[in-house]
Structure formats: structure tokens, C-alpha cells
Amino acid sequence: SAVISQKPSRDICQRGTSLTIQCQVDSQVTMMFWYRQQPGQSLTLIATANQGSEATYESGFVIDKFPISRPNLTFSTLTVSNMSPEDSSIYLCSVWKGNEQYFGPGTRLTVT
Amino acid sequence: QKEVEQNSGPLSVPEGAIASLNCTYSDRGSQSFFWYRQYSGKSPELIMSIYSNGDKEDGRFTAQLNKASQYVSLLIRDSQPSDSATYLCAVVEGGKLIFGQGTELSVKP
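For every chain, the first residue of the written sequence is number 1, and numbering continues from 1 along that sequence. Working convention: letters from A go to chains and numbers from 1 go to ligands, in the order in which they are written. Since the coordinates come from a predicted model, pLDDT governs what is reported: local features require at least 70, and pairs of side-chain atoms require 80 or more to be given and counted, while whole-chain, interface and lining totals use all residues. As a rule here, side-chain values come from all non-hydrogen atoms in the structure, and water together with hydrogens is ignored.

Caption draft 1: Focus on the interface of chain B and chain A. Note on contacts: a residue pair qualifies if any of its non-hydrogen atoms lie within 4.5 Å across the two residues. Of the residues lining the interface, 17 residues belong to chain B; the matching set on chain A comes to 18 residues. Buried area is understood as the total, over both parts, of accessible area removed when two parts are fitted together, assessed with a 1.4 Å probe. Of the roughly 1300 Å² buried between chain B and chain A, counting both surfaces, carbon and sulfur atoms make up 57%. For this document, the term salt bridge refers to a Lys or Arg side-chain nitrogen within 4 Å of an Asp or Glu carboxyl oxygen. At the boundary of chain B with chain A, the tally comes to one salt bridge. The shortest N-O distance in the salt bridge between K96(B) and E58(A) comes to 3.0 Å. Identification of polar contacts relies on pairs of N or O atoms within 3.5 Å, with a donor-acceptor requirement for protein atoms, meaning one able to donate a hydrogen and the other able to accept it, and with residues adjacent in sequence counted only if both atoms are side-chain atoms. The tally of links between chain B and chain A comes to eight residue pairs in polar contact (both at pLDDT 80 or more).

Below, the structure written as C-alpha cells:
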């Protein structure tokens, strides 16, 4: 399996501000994934982060709102920009290890 | 639009019974299928993966895959109250993991 940590574990932010979420993996991986889980909903893929190239965003998600960095093979950040209450969600980082995908503990974001 | 569908539940079973969770998917090219368990307030935990038609057993859990009918199921034998959680079906499509909406399972003592 993979050991994944995320910071912060939770935060309460004011609308209009930005929050950067960090994800650290215990081994080098080619791709890292960022998911969002809105209250009472399932997981939705935001983007795929590759080291050395621009992230690939899913339909409905744009780089200006969710900029992603991937400076090396064990670390990535997701920024939630110009936040509104609709951004209140759990944000999860995940990686493939072999044929299986593992998730970090998540960052619970509340926007007031 | 590729989709993964699950009954949202809640599914309620008595302790000791078999819980049956079902999932259908739309992409006939999918080859990898997963079941995750998610306790309230926690991140998803991988419990089963299945890649070939038929059954795969792991302890009290059995995953079943039928590619011709495009469905995958999860059976939990001897259900325990600690099995109460949301179970997420996930399918790999284009190298990405796509999730169903999840089925909430409640096991009553």
C-alpha cells in the first residue's frame, strides 16, 4: 500500500480567500490525483498531476480555480482559489501503487 | 458520459446476515474494478479489487464480476455492526478511477 499524508486536515476559511492543500507520499509515483467529495456525495476527480508537466483537469474544473503544483515525485499541492461556500468539501489526494489506488486522509474545508 | 451506478440505499441488514451491494458500469472497455469502504468522516479504504469474470473471495468479502452484463457486486457474509459504512464501487476508465455514488449499509445488532 501507500502512505499518504495531507495538510491541513481541516480548515475554516472566509469566502474570497485561497487555501493550499499539501499531499506527501512515502514513495515516488508518476501520477497523483486530486478528488473532491461534497457533503453527502461521492468522489469526483478534479485533476491528475504529473511531475514536470501541467496538470490535466476534468470537465468542470479549471486551473484558475484549482491550481496544482507537482514539484517532485512524492509531493503535490492543490490550491482552492477565491473560495465560496460551494467549495466546502473534503479534498482528497490519491496515488496508484501497483494496480490499486490509495487515498490520503483528506482535508475538510468549510467556507463561511 | 461514462457512468458507474449504485443503489444509494440505505441498505439495512441484521447482524449475521449477508449484505449484497451492486454496481453497474457503462464502459464495456473497463478492465479493473474496486470496492472501497468509507466510514463517516474518513477517507475511502480499499477492500476488494477484481479484474476477471467470476468470484473473488477475501475473508467475509466476495466480489463478483460479470463483464458481459457490466455489473460488479460485493457480498459481505456474517455482517457485523462494524461493517456499517458507505461502500463505493469504482471502475478504471482511461487510467482514471471513476466512482459510483455509494451505497450506505447499516448492520443492526
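Caption draft 2: Structural detail: the sheet that holds strand β8 (residues 71-76) of chain B. All names here are of chain B. Whether two strands pair comes down to DSSP finding at least two bridges between them. Labels follow the DSSP assignment, with helices taken as runs of H or I lasting at least four residues and strands as runs of E lasting at least two, numbered in each case from the N terminus. Strand order in the open sheet formed by five strands is β1-β3-β8-β7-β6, with antiparallel pairing between adjacent strands. Two strands bound the open sheet, and with one partner strand each, they are β1 (4-6) and β6 (54-58). Sheet twist, expressed as the average angle between the axes of neighbouring strands with direction ignored, equals 20°. For helices, the fitted line uses only the C-alpha atoms of the stretch in contact; every axis is such a line through C-alpha atoms, and the angle between N-to-C directions lies from 0 to 180 degrees.

Caption draft 3: Region of interest: the nonpolar core. Within the largest apolar cluster, 43 residues are counted, with the highest numbers of intra-cluster contacts made by Y35(A), Y36(B), L97(B) and F99(B). Ranked by residues supplied to this core, first place goes to strand β9 (residues 89-97) of chain A with six residues. Here Y35(A) is in contact with L43(A), T44(A), L45(A), I46(A), I90(A), Y91(A), L92(A), S94(A), Q101(A), F103(A), L97(B) and F99(B), once residues within four sequence places are set aside. We define a nonpolar core as any set of buried Ala, Val, Leu, Ile, Met, Phe, Trp, Tyr and Cys residues linked to one another through side-chain atoms lying within 4.5 Å. When accessible area is computed with a 1.4 Å probe and restricted to protein chains, residues below 20% of their type maximum are described as buried, those above 50% as exposed, and intermediate ones as partly exposed.

Caption draft 4: Expanded view of the pattern of salt bridges. Residue and element names in this part refer to chain B. Throughout the structure, instances matching the rule amount to five salt bridges over all chains. One salt bridge in this structure joins E45 and R37, with 3.0 Å as the shortest N-O distance. Looking at E45, the relative accessible area reads 35%, which means it is partly exposed. With a closest N to O distance of 3.5 Å, E57 and R77 form a salt bridge. In this pair, E57 is assigned in strand β6 and R77 in the loop between β8 and β9 (85-93), connecting sequence segments 20 residues apart. Owing to a relative accessible area of 59%, E57 belongs among the exposed residues under this scheme.

Caption draft 5: Quick look at the packing of aromatic side chains. In this scheme Phe, Tyr and Trp rings, the latter by its six-membered ring, pair at centre separations within 6.5 Å, and the angle between planes marks the pair as stacked below 30 degrees, edge-to-face above 60, and tilted otherwise. This model, assessed by the stated rule, comprises nine aromatic pairs over all chains. With a centroid separation of 5.6 Å and an interplanar angle of 65°, the aromatic rings of F61(A) and F66(A) are classed as edge-to-face. Of the two residues, F61(A) and F66(A), neither departs from the other in class, the shared state being buried. Geometrically, the ring pair formed by F34(B) and Y51(B) is edge-to-face, given 6.0 Å between the ring centres and 85° between the ring planes. Here F34(B), found in strand β4 (residues 33-38), pairs with Y51(B), found in the loop between β5 (45-50) and β6; they are 17 residues apart in sequence, far enough to count as distant. Using a relative accessible area of 1% as the deciding quantity, one classes F34(B) as buried. One aromatic cluster in this structure is built from Y35(A), F103(A), Y36(B) and F99(B). Here, over-ring charges are defined by two tests on the NZ atom of lysine or the CZ atom of arginine: distance to the ring centre within 6 Å, and angle to the ring normal within 35 degrees. Here R60(B) stacks its cationic end above the ring of F61(B), 5.6 Å away from the centre of that ring.

Caption draft 6: Focus on the sheet that holds strand β1 (residues 4-7) of chain A. All names here are of chain A. Spatial strand order, β1-β3-β8-β7: four strands in an open sheet with antiparallel pairing. Because the sheet does not close on itself, it has two edges, and the strands there are β1 and β7 (68-72). Taken over all neighbouring pairs, the strand axes of this sheet differ in orientation by 15° on average, direction set aside. Sheet topology places strand β3 (residues 19-25) next to strand β8 (residues 75-80); six bridges connect them, and they run antiparallel. Bridging across to β8, T20 finds its partner in T79.

Take it as geometry only, folks, not as evidence of what the structure does.
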